[in-house]
Amino acid sequence: MASQEDRRNAPRSPIQDTLFIESVSSNQISMVEPATANAINASSTGLQVELDFAVLENAEIALWINADTGERTLISGIVRWVQATERESCLVGIELDEASGPAIADWLKGIH
C-alpha cells in the first residue's frame, strides 16, 4: 500500500491557521455545529488538519478559509484518512474537490 506521501498529487506547504468548519456529513452522521480545525499543511489538491473530534473516512467536509483581506471562501472535499494522535485529537487528510483548487491556491499564495 502506498504511503500518504507517495499518493500526493501536489507538494504540500506547511501552514498554521485556524479554519472554521461549515459541515461534515457521511451516510452515517452529519454535523453542522460550529467547530474549528487547525490546518497543518495544504496543497492545491489537499489539506491536512487537526480536529478535536473524530470523523469518518469518505465523509464530505466543508471549511472556510480566510484571506489576508478578511474575505472568507468556502472549500470542500472528502476525508481520505484519519489518524488518532497522542493528544486525543485526530489528524485528517482531505482531498479537495476540483472547484476548491483555485481558492486554495490563492489562499496559499497569500500566506507564503
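For the structure itself, consult the block above.
Structure report, in brief. A quick note: this is a predicted structure, and the numbers were derived from the prediction, not measured.

Here Ser-89 shows up in the loop between β6 (72–84) and β7 (90–96). Only 2.7 Å separates the side chain of Ser-89 from the side chain of Thr-85, close enough to count as a polar contact. Apart from the residues within four sequence positions on either side, Ser-89 is in contact with Glu-50, Leu-51, Asp-52, Gln-83 and Ala-84.

We now examine unusual backbone geometry. Phi is positive for Asn-58, close to 75°, though the residue is something other than glycine. By secondary structure assignment, the location of Asn-58 is in the loop between β4 (46–51) and β5 (60–66). Unusually for a residue other than glycine, Glu-88 sits at a positive phi of about 65°. With respect to the helices, strands and loops of the structure, Glu-88 is situated in the loop between β6 and β7. Overall, the relative accessible area of 76% leaves Glu-88 in the exposed class.

This part covers the pairing of β7. One face of the sheet, then the other: side chains in a regular strand alternate in exactly this way. Across the seven residues that make up β7, a large majority, six, are buried. Here β4 pairs with β7 via six bridges, running antiparallel. Directly across from Gln-48, in β7, lies its bridge partner Gly-93. In this sheet, β7 lies alongside β6 in antiparallel orientation, the contact comprising seven bridges. Note on β7: the bridge partner recorded for Gly-77 is Leu-96. The turn joining β6 and β7, which pair antiparallel and follow one another in sequence, is formed by five residues; a positive phi near 65° is taken by Glu-88.

Okay, the packing of aromatic side chains next. This model, assessed by the stated rule, comprises zero aromatic pairs. Taking NZ or CZ as reference, Arg-72 lies 4.3 Å from the ring centre of Trp-64, over its face.

Calculation notes
Residues numbered from 1 in each chain as written. Predicted model: local features only at pLDDT ≥ 70, side-chain atom pairs only at ≥ 80, totals over all residues. Heavy atoms only, no water. Helix = DSSP H or I, 4+ residues; strand = E, 2+ residues; numbered from the N terminus. Polar contact = N/O pair within 3.5 Å; in protein donor to acceptor, adjacent residues only side chain to side chain. Contact = heavy atoms within 4.5 Å. Buried < 20%, exposed > 50% of the residue type's maximum accessible area, 1.4 Å probe, protein only. Pairing = 2+ DSSP bridges. Phe/Tyr/Trp six-rings, centres within 6.5 Å; stacked < 30°, edge-to-face > 60°. Lys NZ or Arg CZ within 6 Å of the ring centre and 35° of its normal.

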